[in-house]
Structure formats: C-alpha cells, structure tokens
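Coordinates in review
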Amino acid sequence: MELKALKQFVDSHDNFEIRVITHSGSRFYQLELEDMEGKRHMLTQRSKPMLFRSLDDVYLELKRAGIHRAYLVQHVPQDEMIGRDAHYSEPLTSRMPLVF
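Residues numbered from 1 in each chain as written. Predicted model: local features only at pLDDT ≥ 70, side-chain atom pairs only at ≥ 80, totals over all residues. Heavy atoms only, no water.

Let's shift gears to the layout of surface pockets. Of the pockets and cavities examined, the largest pocket occupies roughly 190 Å³. Contributing to the lining of the largest pocket are V10, F16, E17, I18, G66, I67, H68, R69, A70, Y71, P97 and L98. When contributions to the lining of the largest pocket are tallied by element, the ones reaching two or more residues are β1 (16-23), β6 (69-75) and β7 (95-99). By residue class, the composition of the lining of the largest pocket is eight nonpolar, two polar and two charged. (1 Å grid on protein atoms, 1.4 Å probe; cavity = no way out; pocket = protein on both sides within 12 Å on 5 of 7 lines; lining within 4 Å. Points joined across faces, edges and corners; volume = space filled by probe spheres on them. Helix = DSSP H or I, 4+ residues; strand = E, 2+ residues; numbered from the N terminus. Nonpolar A, V, L, I, M, F, W, Y, C, P; charged D, E, K, R; others polar.)

This is the structure in structure tokens:
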C-alpha cells in the first residue's frame, strides 16, 4: 500500500490496525496495516517496501497520515533455538502498544 493509499484508507475507515515490524538484530522498521477483513498490507514506496531507520521516522510518517496508535512487533529468531515457540504467524502474541 502506497502512502497516498494509506492516507485515503485512514480517512475512510476506522477499524484497522497498524503494526511496526522489526527483527532482532535489525536496525530497520517496516509498517503493516491489517484491515477489518484480516488482509495485511505492507507500506510501500514506488512498489518497494518502505524501511525506516528509527521509531521517530515511523512516528513522523504515521502522524502525517493521521495515525496516532500502532503496535510494535519484534520477531526474535532465537526463540526457536532456546525452545520457545516462535510467533511469526501470530504477531499479536508478541506486540507492544505505541502511542505518539
């Protein structure tokens, strides 16, 4: 989903969730929108996934779109190594609310 489409979506819908996704050891963040039908859309720019270098950059872009709440989801690949269940397909179990 391109930035313009995100802004239009936010203006016309009120039941959606924004996720800020990062991977352990990575310095980058990606944004994902899940609509009320359960479809997931990655935020893109010129058809390529947008990567952010800091949470401040993420907050700024989301504020421009009129969004002030999101969830931080961090994927930790070491979970499998220590015997814990990995939650890659269930990001809701490992999320932290963000308000900005």
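So, next bit.
All right, on to the environment of H23 then. Relative to the helices and strands, H23 resides in strand β1. Judged by relative accessible area, H23 falls into the partly exposed class, the value being 39%. Note: C-alpha distance between H23 and Q74 (51 residues apart in sequence) is 5.4 Å. (Buried < 20%, exposed > 50% of the residue type's maximum accessible area, 1.4 Å probe, protein only.)

This part takes up the environment of K48. Along the chain, K48 turns up in strand β5 (residues 48-49). Relative accessible area serves as the criterion here: at 58%, K48 is assigned to the exposed category. Placed 46 residues apart in sequence, K48 and E2 show a C-alpha to C-alpha distance of 9.1 Å.

Attention now moves to empty space enclosed by the protein. A full pass over the atoms with the stated rule returns one cavity of 30 Å³ or more. Of the pockets and cavities examined, the largest cavity occupies roughly 50 Å³. In this structure, the largest cavity is lined by M1, L6, I18, L31, E32, L33, H41, L43 and L62. Sorting elements by how many residues they give to the lining of the largest cavity places strand β2 (residues 30-35) first, with three residues. Per-class residue counts for the lining of the largest cavity are seven nonpolar, one polar and one charged.

A few words now on the pairing of β6. Pairing between β1 and β6: five bridges, direction parallel. Paired with V20 across the two strands is L72, which belongs to β6. Bridge analysis of β6 against β7 gives five bridges, and the strand direction is antiparallel. Note that in β7 the partner of Y71 across the bridge is P97. (Pairing = 2+ DSSP bridges.)

Another point: the sheet that holds β7. If you walk across this open sheet you meet the five strands as β3-β2-β1-β6-β7, and the pairing is mixed. Taken across any chain shown, the strands that pair with only one partner, and hence form the sheet edges, are β3 (40-42) and β7. Ignoring strand direction, the axes of neighbouring strands in this sheet form an average angle of 30 degrees. (Axes fitted to C-alpha atoms, helices over the stretch in contact; angles between N-to-C directions.)

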